[in-house]
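Residue strings, one per chain:
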Protein chains: 2
Amino acid sequence: MKNRSFMYQAWLGDIENKTQTFKVVGDSTADFAMEECKHGLGNLATDNGNVTVNLATAENLPAEGFSIVGKPDDITITGGDKIGLLYGVYKFLALLRQNIDTTNISLNDKPTVDKRILNHWDNIDGSIERGYAGNSLFFRNDQLHFDADRLRDYARLLASVGINQICLNNVNVYLESAKLITEEKLPDLAKVADIFRPFGIRLIIAVHFESPVLLGGIKTADPLDEKVAEWWQNATKTVYKYIPDLVGFLMKADSEFRSGPASMGRTQAEGARPIAKALKPFGGVIYWRCFIYNCMQDWRDTETDRPKAAYDYFYPLDGKFEDNVILQVKHGPSDFQVREPNSPLLGAMQHTPQNMELQITQEYTGQQKDLYALAVQWDEVLEHPITETQTTRDIIGTDNKIIALSAVANVGDDENWTGHLLAQANLYAFARLAWNPKQTPKQLTQEWIACTFGNNLKLLEPLTEMILQSRAVYEKYNAPLGIGWMVNIHHHYGPSVDGYEYMKWGTYHRADTKEIGVDRTAAGTGYTTQYQPYVRDMYENLTTCPQDMLLYFHRLPYDYKLKEGKTLIQHIYDTHFEGVEGVEEFIKTWDSLKDFMPQVAHESVKERFVMQLENAKEWRDVVNSYFFRKTGIADEKGRKFYL
Amino acid sequence: MKNRSFMYQAWLGDIENKTQTFKVVGDSTADFAMEECKHGLGNLATDNGNVTVNLATAENLPAEGFSIVGKPDDITITGGDKIGLLYGVYKFLALLRQNIDTTNISLNDKPTVDKRILNHWDNIDGSIERGYAGNSLFFRNDQLHFDADRLRDYARLLASVGINQICLNNVNVYLESAKLITEEKLPDLAKVADIFRPFGIRLIIAVHFESPVLLGGIKTADPLDEKVAEWWQNATKTVYKYIPDLVGFLMKADSEFRSGPASMGRTQAEGARPIAKALKPFGGVIYWRCFIYNCMQDWRDTETDRPKAAYDYFYPLDGKFEDNVILQVKHGPSDFQVREPNSPLLGAMQHTPQNMELQITQEYTGQQKDLYALAVQWDEVLEHPITETQTTRDIIGTDNKIIALSAVANVGDDENWTGHLLAQANLYAFARLAWNPKQTPKQLTQEWIACTFGNNLKLLEPLTEMILQSRAVYEKYNAPLGIGWMVNIHHHYGPSVDGYEYMKWGTYHRADTKEIGVDRTAAGTGYTTQYQPYVRDMYENLTTCPQDMLLYFHRLPYDYKLKEGKTLIQHIYDTHFEGVEGVEEFIKTWDSLKDFMPQVAHESVKERFVMQLENAKEWRDVVNSYFFRKTGIADEKGRKFYL
């Protein structure tokens, strides 16, 4: 291999085993799985191995599912199909990496949803929108451009945790990336598909709504125009000629200056129709993003309320979409903030399948400079109620409402894939949650640590604890009580309390000298009424609204008493000091873990912590000084603010 | 000519004259002046002209000076040299354009300073830093790239108002533009010099302090290193081989991430020395910019005060510079804000000549979307006292302290040169002020209008009035009372009250719920003490500090009573409403002037006014809402604020 460094291998590092060697055998369906098994075992795989590993497929197991039966002298791994077998192999290797005894084991597993997706926001020039780990693995200078060995390593990394669909190109499609569905670029794209195919990973292509105009020279992209429908049919035929197992297309329409059906007086359902119909003969689907809002709002307009937008657009269209249209809904109604409620669209649609979109790349959550355990946040997203008796977790499944889980990738061509070594845990956690949303953040984190660093409890326990706390620590020094958006504009790193306050993006806290927040109750903008009654009432009511979501839903005076007895303003002050202290604790913990990993890995994370500490202090001082300057209310503990 | 449109011709439009035609004759020194005279007269120049125009030079007149003696049948224009003669010709043509009778006239004129300079901030890729009128006239794709005809028209435009030195390239020099002093680019640059030379305009080149490293492969740019001195000597020799009349170099060192002597532990005087010495044999000078400050200031640091920086750096070095180093000092200590005091450096240096730098391009003053009469502001700059009996105007002159006047150009390849047609007035005014700083804004504005639009009083009077008011109107809706900087970061258009507040750029208003401003008196940061006693006392004292500069020097409560009897906060509210009303008045005035100019010219300015009105409203509402939210103090007149 070109690169077998500790950080590059991620959770697929070398397996150490003092007692066992393995002889890998398999039936005719097991060719690639055998290769991968031997690759993972490294030197432990030998024709004279003292344990036989039998690989096979069996029709009685579900697609992508597998079973592992381990005895002292042999292990049998059976897949429901070739890919299920492969997943079984990766699971077996992961058990070995974690030093879990396989000599007396029997397990069955299968994925909860059959669409487990990464969206890369890679631009065809090689840059990555919201990328914090180098440049694109796929593109350079308006062309497909890749290192095939590295892509294979990447495919293995993703397949080992169950990802089975990826979109390479940014949902913001421009002219050159629009050409990915043309003969100009398809031959190269097909080569990438060839690399990912044996790993059970199929491609999605993000397409431009105006493709018929940009690429076909047709005068309109109006979805009701017959020429447009015909153009999509022909274009799709060409695409499938090169990539017969393509999943389908991904579309960002009518969003943030993207063209779409609304600009032509058509509904989103009408907009999706000709493309969905073109995909149908090939078994293809279209993922249609619901991230639509007025991004040219006049900040003086207090009627418009951005979180309401997606529901207003899409709910009335339930049942009107072609059956191969899957609505891709961001988990929250805002935009991947540290804290927001779930989108009311999730679970509301009765006749339209949904794909819940998460974000692994840390756009608002520290940009892979700050440590941030997304698994913790996602667990809350999954726990978010739909009704009194049903959570979001309960409506996920291939035959349920949320039939797909996708996330924006956090990888690039940095040696360790994710910039921050510990941000690998977020990629790992998303993939494993997509496989099985019932896993807890603690399970996921421990598993990742054990696969990556080994299962020495002296490392495992403090590191798990640190990672699990990292979301809470970040939130403490960030925007308070769910209000979000207090970030520097455009690049979104670091604090700017009024940064988006007088802008067109629909994100306002409207803090004055007495109060802060937007009333989103029925008496306010009415956003709460988009939820089903149980959730509506929970947010509507000050006593049942979760405290960390208080300012998302309510406008409150600074002297409002929180349950803990503190005033709102003192809570802001206190949490911002605590956040910095939390980072200081992280650094102490990290320093204590020096001996459990290669020096280069330890140092690279330490460098990130130094940046994080500075960022946390900046947040603390800017936010606290802002509110002190605005309210004139002194800190009860007399700590330092800046004038 | 390629383009003789009204807007392209600017103040050099066609001359209409019903009674006179002209026969242009001249002695052997008058060849180019005759060409230019005939060019300007157009169809009115003929061999049978009824008025003879005699062109000659005479040694008894000063260099660049001229006399015009007009009689009914002949006009005699005499120059102190060829360029003085050319200036006389342009003056004569300007008189005709303004319909001023030349049949009985006798005038003498000469420039106050012999260095009248434009600095272009053109990047070698073709973009312009702080450019609002298209792309560069000189560069494209890392090369000199120009339309020779257009450059000749530009040279004429500048020469007609007396500009005699120009720097083409941005003071922020990067690798490619650093190469302008190498054999790679000098042949092309020499062609530009050839175009400008007959018009009396000589080139300056902005150079990179690290040139010996970047271009010479030397390991250091340390000015005390002999190899560095030698490198500059050789480089300069090469430059003068191609452009023997080059004025010299322009340097931005140790400023905003530019390298410089300070980073090597050397003074600015030491830094300039080897370059100055290299230039001396060729009669060259180096303009050394004094715009040095800590642009990585921690906003929490209240000791550092950016306006103090230039004086602190340079005043102790008075007399230590080579005699061909000219310090280029921005007129104010901040950075071309709408309102700031003059730099205390101006006039303080006793043994070091200075070049006062103004900015024509409207970086902070409306970006050629908003109308802004810089002549009005510059008049205040010139009136700014040095001592009780001396103003800045008094120390300008070839043999005085300020021996040069320079300004950042506002031109690009837009058809009308300046984006906003009326912004041509600013280019005109700077050049004429550099020639003679005693002219009033009203004179300059009227002259420009009469040359451009004709002297119909129905246009001349209201348009003069409008332009002269435009600075006050803009200031009303901008940052209040001289505090500056409340702009959107980086691009500097539109309001962001806290935009720079928590940043590293050293520009803070530190507004809290009770007070605003930084105390820059002796009791505060001590900035006032950099001035001579009269000026120091004026700013130090609340009763003598000019009201429009109040928040530049003092921290005051919002209920501070201004002289007019209003509170400070009510003044903020009122002026911001008045500013918008002012723009509405402009639009009415402009609409009434429709019949006095070509439709295309009228419409192009009207479009700008529509943008300006929106900008003014945005400023009004953001600034007023910001202060209302921060103070809770209602408007006495009950007008609308936004929460």
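See the structure above.
Source: prediction; values computed, not measured.

**A look at the interface of chain A and chain B**
Item 1. Counting residues at the interface gives 23 residues for chain A and 23 residues for chain B.
Item 2. Taken over both partners, the interface formed by chain A and chain B buries close to 2,300 Å², and the fraction arising from carbon and sulfur atoms is 55%.
Item 3. The interface formed by chain A and chain B includes 6 salt bridges.
Item 4. Residue Glu501 of chain A is joined to Arg629 of chain B by a salt bridge in which the shortest nitrogen-to-oxygen separation is 2.8 Å.
Item 5. In this assembly, chain A and chain B are joined by 15 residue pairs in polar contact (both at pLDDT 80 or more).

**Digging into the pattern of salt bridges**
Item 1. All told, the structure shown has 91 salt bridges over all chains when counted by the stated rule.
Item 2. Residues Glu256 of chain A and Lys252 of chain A are paired through a salt bridge, measuring 2.9 Å at the closest nitrogen-oxygen approach.
Item 3. Judged by relative accessible area, Glu256 of chain A falls into the partly exposed class, the value being 22%.
Item 4. In this structure, Asp245 of chain B engages Arg197 of chain B in a salt bridge whose closest nitrogen and oxygen atoms are separated by 2.8 Å. Residue Asp245 of chain B is found in the loop between helix 8 (226-242) and strand 11 (248-251), and its partner Arg197 of chain B is found in the loop between helix 6 (186-196) and strand 10 (202-207); the two are separated by 48 residues along the sequence.
Item 5. Judged by its relative accessible area of 22%, Asp245 of chain B is partly exposed.
Item 6. A relative accessible area of 31% means that Arg197 of chain B is categorised as partly exposed.
Item 7. What emerges from the salt-bridge pattern is a single network uniting Glu564, Lys566, Asp574, Asp635, Lys637 and Arg639 of chain A.

**What about helix 8 of chain B?**
Residue and element names in this part refer to chain B.
Item 1. The end-to-end C-alpha distance of helix 8 is 25 Å, a good match for the 24 Å that 17 residues give at a rise of 1.5 Å each.
Item 2. Looking only at helix 8, the buried set comprises Val228, Trp231, Trp232, Ala235, Thr236, Thr238, Val239 and Tyr240.
Item 3. Where helix 8 is buried, its residues touch helix 6, strand 10, helix 7 (211-214), strand 11 and helix 9 (268-279).
Item 4. Where helix 8 begins, the side chain of Asp225 points an oxygen toward the backbone nitrogen of Lys227, at a separation of 2.8 Å.

**Quick look at the sheet that holds strand 12 (residues 285-289) of chain B**
Residue and element names in this part refer to chain B.
Item 1. On the basis of which strands lie adjacent, the closed barrel formed by 8 strands has the order 6-9-10-11-12-13-14-17 and parallel pairing. Strand-to-strand twist in this sheet, taken as the mean axis angle between neighbours without regard to direction, amounts to 25°.
Item 2. Looking at chain direction, strand 6 (residues 115-122) and strand 9 (residues 165-169) are connected through 4 bridges and run parallel. Within strand 9, the position partnered with Asn119 by the bridge is Cys167.

**Topic: the packing of aromatic side chains**
Item 1. Counting across every chain of the model gives 80 aromatic pairs over all chains.
Item 2. When the centroid spacing of 6.3 Å and the interplanar angle of 90° are considered together, the rings of Tyr154 of chain B and Phe196 of chain B count as edge-to-face. In this pair, Tyr154 of chain B sits in helix 4 (residues 148-159) while Phe196 of chain B sits in helix 6, placing the two residues 42 residues apart along the sequence.
Item 3. Judged by its relative accessible area of 0%, Tyr154 of chain B falls in the buried class.
Item 4. Ring-pair connections join several aromatic residues into one group, and the members of that group are Tyr8, Phe138, Phe139, Tyr154, Phe196 and Trp417 of chain A.
Item 5. Between the NZ or CZ atom of Arg306 of chain B and the centre of the ring of Tyr293 of chain B, over which it lies, the distance is 3.7 Å.

**With respect to the environment of Leu358 of chain A**
All names here are of chain A.
Item 1. For Leu358, the position within the fold is in strand 14 (residues 354-359).
Item 2. On the basis of relative accessible area, Leu358 is assigned to the buried category, the value being 5%.
Item 3. Between the alpha carbons of Leu358 and Phe453 there is a distance of 26 Å; along the sequence they are 95 residues apart.
Item 4. Once residues lying within four places of it in the same chain are set aside, the contact partners of Leu358 are His331, Phe336, Trp378, Ser406, Ala407, Val408 and Phe430.

**Regarding the relation of the copies chain A and chain B**
Item 1. For the pair chain A and chain B, the relating rotation is 180°, the translation along its axis is 0.1 Å, and the fit reaches an RMSD of 0.0 Å. The operation mapping one copy onto its partner corresponds to a two-fold rotation axis. Within chain A, the C-alpha atom positioned nearest to the axis of rotation is that of Lys630 of chain A, 2.6 Å from it.
Item 2. Comparing interface residues between copies, 100% of those in chain A also sit at the interface in chain B, which points to an isologous, same-surface contact.

**As for the pairing of strand 9 (residues 165-169) of chain A**
Residue and element names in this part refer to chain A.
Item 1. Strand 9 sits mainly inside the fold: 5 of its 5 residues count as buried.
Item 2. Here strand 9 runs beside strand 10 (residues 202-207); their pairing, made up of 3 bridges, is parallel. Within the sheet, the bridge partner assigned to Gln165 lies in strand 10 and is Arg202.

**A word on the packing of helix 8 (residues 226-242) of chain A against helix 9 (residues 268-279) of chain A**
Residue and element names in this part refer to chain A.
Item 1. Packing of helix 8 against helix 9 brings their axes to within 8 Å, and their N-to-C directions diverge by 35°. You can see that helix 8 and helix 9 cross each other, and the crossing is right-handed. Across the interface between the two elements, Ala229, Trp232, Gln233, Thr236 and Tyr240 of helix 8 pack against Pro274, Ile275, Ala278 and Leu279 of helix 9.
Item 2. Of the residues in the contact of helix 8 with helix 9, the class split is 7 nonpolar, 2 polar and no charged.

**Concerning helix 2 (residues 31-41) of chain A**
Each α-helix winds once per 3.6 residues, and so residues spaced three or four apart point in a common direction.
Residues and elements named next belong to chain A.
Item 1. Every buried residue belonging to helix 2 is among Phe32, Ala33, Met34, Glu36, Cys37, Gly40 and Leu41, and all of these are buried.
Item 2. Residues of helix 2 that are buried in the fold lie against strand 1 (22-26), strand 2 (51-57), helix 3 (82-97) and helix 4 (148-159).
Item 3. A positive phi of about 60° marks Gly42, the residue just after helix 2.

**Section: the sheet that holds strand 5 (residues 105-109) of chain B**
Residues and elements named next belong to chain B.
Item 1. The sheet built from 5 strands is open, its strands ordered 1-2-4-3-5 with mixed pairing. At either margin of the open sheet sits one strand with a lone partner, and together these are strand 1 (22-26) and strand 5. Across the sheet, the mean angle from the axis of one strand to that of its neighbour is 10°, orientation sign disregarded.
Item 2. Sheet topology note: the strand 2 (residues 51-57)/strand 4 (residues 74-79) ladder contains 6 bridges and is parallel. Bridge assignment links Asn54 to a residue of strand 4, and that residue is Thr76.
Item 3. Sitting on the sheet, helix 2 (residues 31-41) touches strand 1 and strand 2, and the angle it makes with strand 1 is about 170°.
Item 4. On top of the sheet, helix 3 (residues 82-97) reaches strand 1, strand 2, strand 3 (66-70), strand 4 and strand 5; it is set at about 145° to strand 4, its chief contact.

What counts, and where the lines are drawn
Residues numbered from 1 in each chain as written. Chains lettered and ligands numbered in written order. Predicted model: local features only at pLDDT ≥ 70, side-chain atom pairs only at ≥ 80, totals over all residues. Heavy atoms only, no water. Contact = heavy atoms within 4.5 Å. Buried area = accessible area lost by both parts, 1.4 Å probe. Salt bridge = Lys/Arg side-chain N within 4 Å of Asp/Glu carboxyl O. Polar contact = N/O pair within 3.5 Å; in protein donor to acceptor, adjacent residues only side chain to side chain. Buried < 20%, exposed > 50% of the residue type's maximum accessible area, 1.4 Å probe, protein only. Helix = DSSP H or I, 4+ residues; strand = E, 2+ residues; numbered from the N terminus. Expected span 1.5 Å × (residues − 1). Pairing = 2+ DSSP bridges. Axes fitted to C-alpha atoms, helices over the stretch in contact; angles between N-to-C directions. Phe/Tyr/Trp six-rings, centres within 6.5 Å; stacked < 30°, edge-to-face > 60°. Lys NZ or Arg CZ within 6 Å of the ring centre and 35° of its normal. Least-squares fit on C-alpha atoms with pLDDT ≥ 70 in both. Left-handed = near helix turned anticlockwise from the far one by under 90°. Nonpolar A, V, L, I, M, F, W, Y, C, P; charged D, E, K, R; others polar.

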